[in-house]
Amino acid sequence: MTTSASLRTRTEEPPGPAGRPRSAGPRARRAAARRRSGSPWTPWLYLLPALAVLGGLLVYPVYQLGLISFLEYDQAQVSGGEPTSFQGFGNYTALFADPQFRQVLLATVLFAAACVLATLAVGCALAVLLTRVRALPRLALLLAALGAWATPAVTGSTVWVFLFDPDHGPVNRVLGLGDFSWTYGRYSAFALVLAEVVWCSFPFVTVTVHAALEAVPAEVLEAAALDGASTWRTWRSVTAPMLRPVLAVVTIQSVIWDFKVFTQIYVMTGGGGIAGQNLVLNVYAYQKAFASSQYGLGSAIGVVMLLILLAVTLVHLRLLRRQGGEL
């Protein structure tokens, strides 16, 4: 009896203040968490197959892109007529000294910003609309959006070119524009491509934001309505802050997609428009690398695009964390 009592006394934790059991220290809690979670390498073992695939499909091409951007790698080097030589930052110096590159870079930034803003506006508006209509119209709208989303970029661009064709397109006939060419002027061509980009991009925003809206507690929206908040006020002050992580994801995705637009510009403007007036960086890199056989210069443009997208993504994530959002 005495022995069992003494064992219980030794194994029981000494009481804390006011007779309460003393809680375990930080070291004991960390040890318990490690025992529950197992080895710290276990998550990496599960991720190893995906990391191996990403390494082959992403890391190695990026490495080759960066390597070629530092080399003199033109048609003579590709065919083996001349040896490949290291140029350092020579391709980048020539790139930034080219006034056409600066013009194309500015046009790309403005065009991508317009596409992102228009896509988010249309996608969020339709997502809110889906929460306010009945089941059958909601299903019809979702099917129409998914149809636009599933359409290949080449097919969608070709259809849009036919719709706005100055000779046979139905849009000019309906609007009474005669033989007006949408792709002749610089700004009208950019506007036409922007409309097609938004048409094939807004379904992603609509579906994602609509799913997030369905997860917003109804009690919060009812409380805002009882306080007399308008629809716009409820969206700006209640719904949007709760959707901040989702909006961050769709914004980053839209920036990446719209900044590297290639197919729509190439198909709808015939490779960049008259005298290159509708060039964007992706098409400009293609022309330099494959049309002019300046592979080193084209790779340098690709590296610049990659760095710009990384910078935009990191800045956006930093601002999001400062505002208290979590991804």
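Described in the following lines is the structure provided in the data block. (Residues numbered from 1 in each chain as written. Predicted model: local features only at pLDDT ≥ 70, side-chain atom pairs only at ≥ 80, totals over all residues. Heavy atoms only, no water.)

1. What about a nonpolar patch on the surface?
Part 1: A contiguous nonpolar surface patch, about 1200 Å² in accessible area, is contributed by Trp-41, Trp-44, Leu-45, Leu-47, Leu-51, Leu-54, Leu-58, Val-59, Val-62, Leu-306, Leu-307 and Leu-310.
Part 2: Counting residues per element, the ones that place at least two in the nonpolar patch are α3 (42-69) and α16 (295-322).
Part 3: At eight residues, the largest contribution of residues to the nonpolar patch is made by α3.
Part 4: Looking at the secondary structure, you find Leu-310 in helix α16. (Patch = residues over 30% accessible without salt bridge, like charges linked within 9 Å, V, L, I, M, F, W, Y side chains within 5 Å. Areas by Shrake-Rupley, 256 points an atom, 1.4 Å probe, with all protein chains shown as cover. Salt bridge = Lys/Arg side-chain N within 4 Å of Asp/Glu carboxyl O. Helix = DSSP H or I, 4+ residues; strand = E, 2+ residues; numbered from the N terminus.)

2. A short note on the environment of Ala-248
Part 1: Relative to the elements of secondary structure, Ala-248 occurs in helix α13 (residues 244-259).
Part 2: Each C-alpha atom of the pair Ala-248 and Thr-313 lies 9.6 Å from the other, and the pair is 65 residues apart in sequence.

3. Quick look at the packing of helix α11 (residues 218-226) against helix α12 (residues 231-242)
Part 1: Two numbers describe how α11 lies on α12: the axes approach to 11 Å, and their chain directions differ by 165°. In terms of orientation, α11 lies roughly antiparallel with respect to α12. Viewed along their axes, α11 and α12 form a crossing whose handedness is right-handed. On α12, the residues touching Val-220, Leu-221 and Ala-224 of α11 are Thr-234, Val-238, Thr-239 and Met-242. (Axes fitted to C-alpha atoms, helices over the stretch in contact; angles between N-to-C directions. Parallel < 35°, antiparallel > 145°, perpendicular 65-115°, else oblique. Left-handed = near helix turned anticlockwise from the far one by under 90°. Contact = heavy atoms within 4.5 Å.)

4. Topic: unusual backbone geometry
Part 1: Phi at Ala-275 takes a positive value of approximately 55°, unusual for a residue other than glycine.
Part 2: For Ala-275, the position within the fold is in the loop between α14 (263-268) and α15 (281-291).
Part 3: Looking at Ala-275, the relative accessible area reads 81%, which means it is exposed.
Part 4: With a phi close to 60°, Ser-293 is a non-glycine residue in the positive phi region.
Part 5: Tracing the backbone through its elements, the reader meets Ser-293 in the loop between α15 and α16. (Buried < 20%, exposed > 50% of the residue type's maximum accessible area, 1.4 Å probe, protein only.)

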